[in-house]
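In case you want the letters, here they are:
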Amino acid sequence: MTEEPTPEAPENPEGEEPVKQRKNGLYPGVSDELAANMQSGWADTELHDLEPVEQAPHTARRRAALSARFPGDRLVIPAGNLRTRSNDTDYGFRASTEYAYLTGDQTEDGVLVLEPEAGGGHTATLYLLPRSNRENGEFWLDGQGELWVGRRLSLTEAEKRLGLAAKDVRELADELKAASGPVRIVRGHDAALEAALADKITGERDEELRVFLSEQRLVKDEFEIGQLQAAVDSTARGFEDVVKVLDKAQATSERYIEGTFFLRARVEGNDVGYGSICAAGPHATTLHWVRNDGPVRSGDLLLLDAGVETTTLYTADVTRTLPVNGTYSPLQRKIYEAVYEAQEAGIAAVRPGAKYRDFHDAAQHVLATRLVEWGLVEGPVERVLELGLQRRWTMHGTGHMLGMDVHDCAVARTETYVDGTLEPGMCLTVEPGLYFQPDDLTVPEEYRGIGVRIEDDILVTEDGNRVLSAALPRTADDVEAWMARLTA
Ligand code: GLY
Ligand code: MN
Ligand code: MN
C-alpha cells in the first residue's frame, strides 16, 4: 500500500519550498467539503486511566543518577528517527538503547531532555510527536498520520504512562537553539537535532555522556534481570522450535531456521536482538554467518546463535551447536566436549570480585590444552597462550556484557569493563568456540569445516552466578537426548 498521490502544491509566490500543508489547514487536492467532513464526527478516545509502565520507578532512578553526574548541563537523549529502506519504505524502528533505558518509551523521533535547574538537579521532559488533532489533514493525509501508521499517545497519556512531563517535539529544536549554557547530546540517533545544536556541542563532552550511559548499564536492576530471563526463556522456546523443523530445513535451507526462530521472536518479543546466525556445516566456522542461505545436511553440525529481544528491548544471546541428524560423530563430539569443558571452566570463573578477564583466561586455557593434546599446535600450553597461538582456532573473546544491546555497555571504559571486576547484577555471555576453517591446511582434513560454539547467558549473583539459559541442554549427551525427545 502506498500513499495516495497528492497533486502538486499550488504556486508559491514567496518562492518557498512547497509545503504539504497549506496555511489554511488544508492539503492540496482536498476539497473544502472533504476537509470539513474529515474534521468532525470522531469519538473522543483519550485514555484516562492509564497505568505507568512497570519500569517507571527504575527510569526515574536512572535519570536521577544521570542528573547527578552532569550538574548544570542540558542533556539531550534522542530515540532516533525512521530510516529509509528503499524509496518510501522504512526499516522497522528500534529506539536507541539510551532513550529506552531512561524513559521506558520507544517512540520514533522522541527526545528526552534533562534541563538543569537553578537550584541544582534537572527537570526531565519527554518531547514527542503527540496525537494529531482532527483540525488539519495530517492524521489522514500524511504518511506518518495515525490513520496510516496507528494511533499515537496524546501528551497527557504519555505523561501518565511514563511518569514524565511531555511536550510537543516540534518545539524542541527552537527551544534548544534559544537556550544558553552547555548542552550534551547522545550522538548518532537524530541528525537534525545534532545539526540544530551544532554550535553548542563538542565531541569530547558528548562522548563523556555516552560513556556514562554505557557504564550506567553495567549492573542490572531487578526489572532488567527479569526481562533478561524472559528473553532467554523465549529464546529457549525458539531453539526448540528449530529442532522440531530440522527436517524442513534439510529440504530447504538455513533460511527455514532463521524464519522459524524469527517467528518466536516476533510473537513473544519485539524482534531478534541481532541477526540470527544459522550456520550449517562449514558455515559454522564463519563467526557472524547471517546470510543463512546454505544447505542443511544430515551429518553436519548446525551452529545456531540467536536471541529474542523482549518488547522492553532486552536481548538474549545463546548458541547451541547441534548435530543435524541428532547424533554427534566421534570427532564432532570430541571437539564439542572440549568447548563444553572450556565453557564450564569459564562459567566457574564468573563470581563477584573476580576479574572480568578471568572467565576468558579459564576457557582459553582449556582450549589451548586440548589443541596441544590433539597435536594441532606445539606446546607447552603456556607458550601457546603467551603467543596467542590458539587464536587461529578460537578467534574471538569468550564473552561480553549482555543487556539491551547484545554487546552491551560497549563504550564503557577499559577500567570499568575489560579490566574491571565482576559485581552482582552484571550479566554476561560465556561463549568459547573452536573453528576449523574448510581451507585450513594446518589441521587434519577431517577437522576442516567443523565449527562449535556454546554460549550461555550468566548473571553474577551475590555468591556466584546463575545460568539464565540453563533450560537448554549443554552436554553432548543431553543435547542428543533433548533432540530425540523433541523429534520423537
Ligand atoms: N551473537 C553474537 C555474539 O555472540 O557475540
Ligand atoms: Mn551469540
Ligand atoms: Mn555473544
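Please read these numbers as outputs of a predicted model, since none were measured by experiment.

Quick notes on the rules
Residues numbered from 1 in each chain as written. Chains lettered and ligands numbered in written order. Predicted model: local features only at pLDDT ≥ 70, side-chain atom pairs only at ≥ 80, totals over all residues. Heavy atoms only, no water. Near = heavy atom within 4 Å. Polar contact = N/O pair within 3.5 Å; in protein donor to acceptor, adjacent residues only side chain to side chain. Areas by Shrake-Rupley, 256 points an atom, 1.4 Å probe, with all protein chains shown as cover. 1 Å grid on protein atoms, 1.4 Å probe; cavity = no way out; pocket = protein on both sides within 12 Å on 5 of 7 lines; lining within 4 Å. Sits in = over half its atoms within 2 Å of the grid points. Axes fitted to C-alpha atoms, helices over the stretch in contact; angles between N-to-C directions. Helix = DSSP H or I, 4+ residues; strand = E, 2+ residues; numbered from the N terminus. Contact = heavy atoms within 4.5 Å. Nonpolar A, V, L, I, M, F, W, Y, C, P; charged D, E, K, R; others polar. Donors = N, O, S within 2.8 Å, 3.2 Å for Na, K, Ca; no water. Tetrahedral: all angles 85-135°; square planar, octahedral: opposite > 155°, others 65-115°. Buried < 20%, exposed > 50% of the residue type's maximum accessible area, 1.4 Å probe, protein only. Phe/Tyr/Trp six-rings, centres within 6.5 Å; stacked < 30°, edge-to-face > 60°. UniProt positions renumbered as here; feature names shortened; annotations may be inferred. Points joined across faces, edges and corners; volume = space filled by probe spheres on them. Pairing = 2+ DSSP bridges. Salt bridge = Lys/Arg side-chain N within 4 Å of Asp/Glu carboxyl O.

Now for the site of ligand 1. Surrounding ligand 1, one finds Tyr274, His288, Asp305, Asp317, His400, His407, Glu431 and Glu455. Asp305 places a polar side-chain atom, nitrogen or oxygen, 3.1 Å from a nitrogen atom of ligand 1. Taking Glu431, its side chain carries an N or O atom lying 3.0 Å from an oxygen atom of ligand 1. The protein chains hide 92% of the 190 Å² of surface that ligand 1 would expose on its own. Placement of ligand 1 is best described as lying within the second largest pocket.

Right, let's talk about the packing of helix H13 (residues 330-348) against helix H17 (residues 476-487) for a bit. Orientation of H13 relative to H17, taken along the N-to-C sense of each, is 115°, at an axis distance of 10 Å. Contact with H13, carried on its side by Arg333, Tyr336 and Glu337, involves Ala476, Asp477, Val479 and Glu480 of H17 and no other residues of that element. Partitioning the contact of H13 with H17 into residue classes produces 3 nonpolar, no polar and 4 charged.

For the rest of this paragraph, the subject is the coordination of the manganese ion (ligand 2). Listed as protein donors to the manganese ion (ligand 2) are Asp305 (OD), Asp305 (OD), Asp317 (OD) and Glu455 (OE); their distances from the metal cover 2.0 to 2.3 Å. Here the manganese ion (ligand 2) is ringed by 6 donor atoms whose angles at the metal span 58 to 169°, and the overall shape comes out irregular. Separating the manganese ion (ligand 2) and the manganese ion (ligand 3) is a distance of 3.3 Å, and Asp317 donates to both of them. One end of the pair, Asp317, is in the loop between strand E11 (308-309) and strand E12 (318-323); the other, Glu455, is in the loop between strand E15 (451-453) and strand E16 (456-460), and 138 residues separate them in sequence. For the pair Asp317 and Glu455, one class covers both residues: buried.

Attention now goes to the packing of aromatic side chains. Each aromatic ring pair is summarised here by two numbers: the centre-to-centre distance and the angle between the ring planes. A complete count under the given rule lists 10 aromatic pairs for this structure. Considering the side-chain rings of Phe239 and Phe261, the 5.9 Å spacing of their centres and the 90° angle between planes classify their relative orientation as edge-to-face. Of this pair, Phe239 sits in helix H10 (residues 222-244) while Phe261 sits in helix H12 (residues 254-268), and the two are 22 residues apart along the sequence. With 5.1 Å between their ring centres and 80° between their planes, Tyr356 and Tyr417 make a pair best called edge-to-face. Of this pair, Tyr356 sits in the loop between H13 and helix H14 (358-373) while Tyr417 sits in the loop between helix H16 (391-394) and strand E13 (427-430); the two residues are 61 residues apart in sequence, bridging distant segments of the chain.

The subject of this paragraph is the UniProt feature "domain: Aminopeptidase P N-terminal" (unreviewed entry) in the protein. Those residues carrying the UniProt feature "domain: Aminopeptidase P N-terminal" (unreviewed entry) are residues 53-194 in this numbering. For residues 53-194, the end-to-end C-alpha separation is 29 Å, with 34% helix and 21% strand making up the annotated structure.

The next point concerns the layout of surface pockets. Estimated volume of the largest pocket: approximately 1000 Å³. Sorting the residues of the lining of the largest pocket by element identifies strand E3 (89-90), helix H5 (146-149) and helix H6 (155-162) as the ones contributing at least two each. Among the elements that line the lining of the largest pocket, the one with the most residues is H6, at 3 residues. The residue inventory of the lining of the largest pocket, partitioned by class, reads 12 nonpolar, 9 polar and 12 charged. Its boundaries defined by the atoms lining it, the second largest pocket holds a volume of some 290 Å³. As for the second largest pocket, its lining consists of 17 residues, and the residues nearest its centre are His288, Asp305, His400, His407 and Glu431.

Bringing unusual backbone geometry into the picture now. The linkage connecting Gly379 with the following residue, Pro380, adopts the cis geometry, with an omega of 0°. By the secondary structure assignment, Pro380 is in the loop between H14 and helix H15 (381-387). Within the chain, Asp109 stands out as a residue other than glycine whose phi angle is a positive 70°. You can see Asp109 is positioned in the loop between helix H3 (97-103) and strand E4 (111-116). Relative accessible area serves as the criterion here: at 27%, Asp109 is assigned to the partly exposed category. A positive phi angle is found at Asn292, which is not glycine, with a value near 50°. For Asn292, the position within the fold is in the loop between strand E9 (277-280) and strand E10 (301-306). With relative accessibility at 0%, the residue Asn292 sits in the buried group.

Let us look at the sheet that holds E13. Strand order in this open sheet of 3 strands is E13-E16-E17, and the pairing throughout is antiparallel. Every interior strand has two partners, whereas the edge strands, E13 and strand E17 (465-467), have only one. Put simply, the sheet's adjacent strands are angled 35° from each other on average, direction ignored. Pairing of E13 with E16 involves 4 bridges; the strand directions are antiparallel. Looking at E16, one finds that Val430 is bridged to Asp456. With respect to the sheet, H13 is in contact with E13, E16 and E17, its orientation differing from that of E13 by roughly 155°.

A few words now on the pairing of strand E6 (residues 165-168). Residues Ala166 and Asp168 point to one face of E6 and are all buried, whereas Ala165 and Lys167, pointing to the other face, are not buried. Judged from the 4 bridges that link them, strand E5 (residues 122-128) and E6 form a sheet pairing that is parallel. The partner of Thr125 across the bridge, within E6, is Ala165.

Opposite charge on two side chains makes pairing possible when the charged atoms of those side chains draw close. Scanning the entire structure with this criterion turns up 35 salt bridges. Of the charged contacts in the structure, one is a salt bridge between Arg333 and Glu337, with a shortest N-O distance of 3.1 Å. You can see Arg333 and its partner Glu337 sitting in helix H13, 4 residues apart, about one turn around the helix. By relative accessible area, which is 37% here, Glu337 ends up partly exposed. The salt bridge involving Glu344 is made with Arg474; its shortest N-O contact spans 2.7 Å. Of the two residues, Glu344 sits in helix H13 while Arg474 sits in the loop between E17 and H17, which places them 130 residues apart along the sequence.

Here we take up the sheet that holds E9. Spatial strand order, E9-E10-E12: 3 strands in an open sheet with antiparallel pairing. Two strands lie at the open edges of the sheet, namely E9 and E12, each paired on one side alone. In this sheet, adjacent strand axes meet at a mean angle of 10° when their direction is disregarded. Note: E9 against E10, 4 bridges, orientation antiparallel. Bridging from a neighbouring strand, Ala280 pairs with Leu302 of E10. The sheet contacts of H12 involve E9 and E10, and relative to E9 the element is tilted by about 150°.

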